[in-house]
Amino acid sequence: MRTTSRYWVAARMIAAIGVVSLVAACSGNGGTAGGGATSGGYPDQNITFVVPFSAGGPTDTVTRMIAAPMAGKLGTKIVVQNVEGAGGTVGAGEVARAEPDGYTVLMHHIGMSTAPALYKDLGYKPLENFEMVGLVTEVPMTIVARKDFAPATLKDLVTYVKANANKVTLANAGIGAASHLCGLLFQTAAGVKLQEVPYEGTGPALTDLVGGQVDFMCDQTTNTSGQISAGEVKAYAVTTPERVKSLPDVPTTTEAGLPQLQVSVWHGLYVPKGTPQEVVQKLTEALKVALADQKVIDQMAKLGTTPVPAEDATPQAHRAKLEEQLGTWAKVIADAGVKAS
């Protein structure tokens, strides 16, 4: 069910380029040789932002939005590197094992809070092996289908999938990905078990949806807004209490008759445990600058989201969010009986 469209080829090219270069550069501000992680010397070399998902996907998009203004504030280059695999756990594991010097930073989403419940031998513990830098954004999800899919409304979709559960295909970006989690909640709310089709990222999944190879999926507005606006996919609902400004004609799940389905995807920045607090503070300050940047605000608005308030772009708010979400998703995943192989 996979395609080799030019869009997916382009995404892979972006991934390759992103490993070597990035988004914005300012001259370094000096410091000791070897990159000592101290308040005075940091940063004195390039910083790598690890995205544990494919290039062109929603998490990658958000990362590249904030990288340039953060680089400007920090006075160095930021290189975006896509390290895909196992629902984001491969990239997260690499960062957990990296030198705690502030030069390797992880951008992760809600999957950080679900991985411990999904994977028996994860290899890291979110609260113990990372320092939190701050929350970035909370992205609504959309339920979208190929444009010629028969159901016209969300209620129709629920009725249709119940009657055709063995034939309907539900795409996602792999176990633990946001699209997978949202798909689980949809199936629970609708009272149905569907045939799931996992991909190595939402980019190729959405490409196949547009091409008609799969029936429907649940994905972030940062990945679907363009296709919805262009009429390339059929949109049933957004999974938030209020409509999304960039998609004013798309009803909420409550309006559309499935109020049980409420989920958004939060993103945050992490560094390895033991990273000096003055380094974490510099990254937090740069994050706040990026989230207040008008260009970033405008870019996010076009994709149906907004930066978090300044008080949430902090290690304290980030840790509180992660702790709460770990408990919430442990129950949801246990009830669904899902485990990653």
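Just so it is clear, the model here is predicted, and its values are computed rather than measured.

Basis of the calculations
Residues numbered from 1 in each chain as written. Predicted model: local features only at pLDDT ≥ 70, side-chain atom pairs only at ≥ 80, totals over all residues. Heavy atoms only, no water. Helix = DSSP H or I, 4+ residues; strand = E, 2+ residues; numbered from the N terminus. Buried < 20%, exposed > 50% of the residue type's maximum accessible area, 1.4 Å probe, protein only. Areas by Shrake-Rupley, 256 points an atom, 1.4 Å probe, with all protein chains shown as cover. 1 Å grid on protein atoms, 1.4 Å probe; cavity = no way out; pocket = protein on both sides within 12 Å on 5 of 7 lines; lining within 4 Å. Points joined across faces, edges and corners; volume = space filled by probe spheres on them. Nonpolar A, V, L, I, M, F, W, Y, C, P; charged D, E, K, R; others polar. Salt bridge = Lys/Arg side-chain N within 4 Å of Asp/Glu carboxyl O. pLDDT = per-residue confidence, 0-100. Contact = heavy atoms within 4.5 Å. Pairing = 2+ DSSP bridges. Right-handed = clockwise from strand over helix to strand, strands pointing away. Core = buried A, V, L, I, M, F, W, Y, C linked by side-chain atoms within 4.5 Å.

## Describing the overall build of the chain
Argument step 1. Secondary structure summary: the chain contains 11 helices and 9 strands in total.
Argument step 2. In the chain, buried positions account for 56% of the 341 residues.
Argument step 3. Carbon and sulfur atoms form 53% of the exposed surface of the chain, whose accessible area is close to 13,800 Å².

## A few points about empty space enclosed by the protein
Empty space among the atoms can be located by rolling a probe the size of a water molecule over them.
Argument step 1. Within the structure shown, the criterion is met by 1 cavity of 30 Å³ or more.
Argument step 2. Space inside the largest cavity adds up to approximately 100 Å³.
Argument step 3. Phe53, Pro58, His109, Ala173 and Thr202 are the residues nearest the centre of the largest cavity, which is lined by 15 residues in total.
Argument step 4. For the lining of the largest cavity, the elements supplying multiple residues, two or more each, are α2 (58-74), α6 (178-190) and β7 (216-220).
Argument step 5. Top element by residues in the lining of the largest cavity is α2. It accounts for 3 residues.
Argument step 6. Taken together, the residues of the lining of the largest cavity break down into 5 nonpolar, 8 polar and 2 charged.

## Quick look at helix α7 (residues 202-210)
Argument step 1. Burial analysis of α7 places 8 of its 9 residues in the buried class, the great majority of the element.
Argument step 2. Within the span of α7, buried status applies to Thr202, Gly203, Pro204, Ala205, Leu206, Thr207, Asp208 and Leu209.
Argument step 3. Just past α7, the residue Gly212 takes up positive phi, approximately 85°.

## Brief notes about the pattern of salt bridges
When their charged atoms lie close together, side chains carrying opposite charge are able to pair.
Argument step 1. By the definition in use, this model includes 8 salt bridges.
Argument step 2. A salt bridge links Arg64 to Asp60; the nearest nitrogen and oxygen atoms lie 3.0 Å apart. One end of the pair is Arg64 and the other is Asp60, both in helix α2 and 4 residues apart, which spans about a single turn.
Argument step 3. Judged by its relative accessible area of 22%, Arg64 falls in the partly exposed class.
Argument step 4. A network of salt bridges, in which partner residues are shared, links Arg146, Asp148 and Asp215.

## Focus on the confidence of the model for the chain
Argument step 1. Averaged over every residue, the pLDDT of the chain is 87; the share at 70 or more is 88%.
Argument step 2. Between residues 1-38, whose pLDDT stays under 50, and residues either more than four places distant or in other chains, the model counts 85 contacts.

## Observations regarding the pairing of strand β5 (residues 169-172)
Argument step 1. Residues Thr169 and Ala171 point to one face of β5 and Leu170 and Asn172 to the other, with burial holding for every one of them.
Argument step 2. Pairing of β5 with strand β6 (residues 195-198) involves 4 bridges; the strand directions are parallel. Along β6, the bridge assignment pairs Thr169 with Gln195.
Argument step 3. As for the winding sense of the linkage, the β-α-β connection from β5 through α6 to β6 is right-handed.
Argument step 4. Across 2 bridges, the pairing between β5 and β7 is parallel.

## What about the nonpolar core?
Argument step 1. Judged by nonpolar contacts, the single largest core of 87 residues is most densely connected at Ile66, Met70, Phe130, Phe186, Phe216 and Leu269.
Argument step 2. With residues near it in sequence (within four places) discarded, Phe216 still touches Ile143, Val144, Ala145, Leu157, Val161, Val168, Thr169, Leu170, Ala171, Phe186, Leu194 and Leu209.
Argument step 3. Residues Val144, Ala171, Leu206 and Ile228 belong to the second largest nonpolar core, which totals 15 residues.

## Describing the pairing of strand β4 (residues 130-146)
Side-chain positions along a regular strand alternate between the two faces of the sheet.
Argument step 1. A large share of β4 lies buried, amounting to 16 of its 17 residues.
Argument step 2. Direction of pairing for β4 relative to strand β9 (residues 264-272): antiparallel, over a ladder of 9 bridges. For Gly134, the partnering residue across the bridge sits in β9 and is Leu269.
Argument step 3. Pairing analysis gives 5 bridges linking β4 to β7, with the strands arranged antiparallel. Bridged to Ala145 within β7 is Phe216.
Argument step 4. In this structure, β4 lies alongside strand β8 (residues 233-238), joined through 5 bridges in antiparallel fashion. Its bridge partner lying in β8, Arg146 is registered against Val233.

## Some remarks on the layout of surface pockets
Argument step 1. In this structure, the second largest pocket spans a volume of roughly 330 Å³.
Argument step 2. As for the second largest pocket, its lining consists of 13 residues, and the residues nearest its centre are Pro140, Arg243, Val244, Lys245 and Gly304.
Argument step 3. Looking at the lining of the second largest pocket residue by residue, the class counts come to 4 nonpolar, 5 polar and 4 charged.

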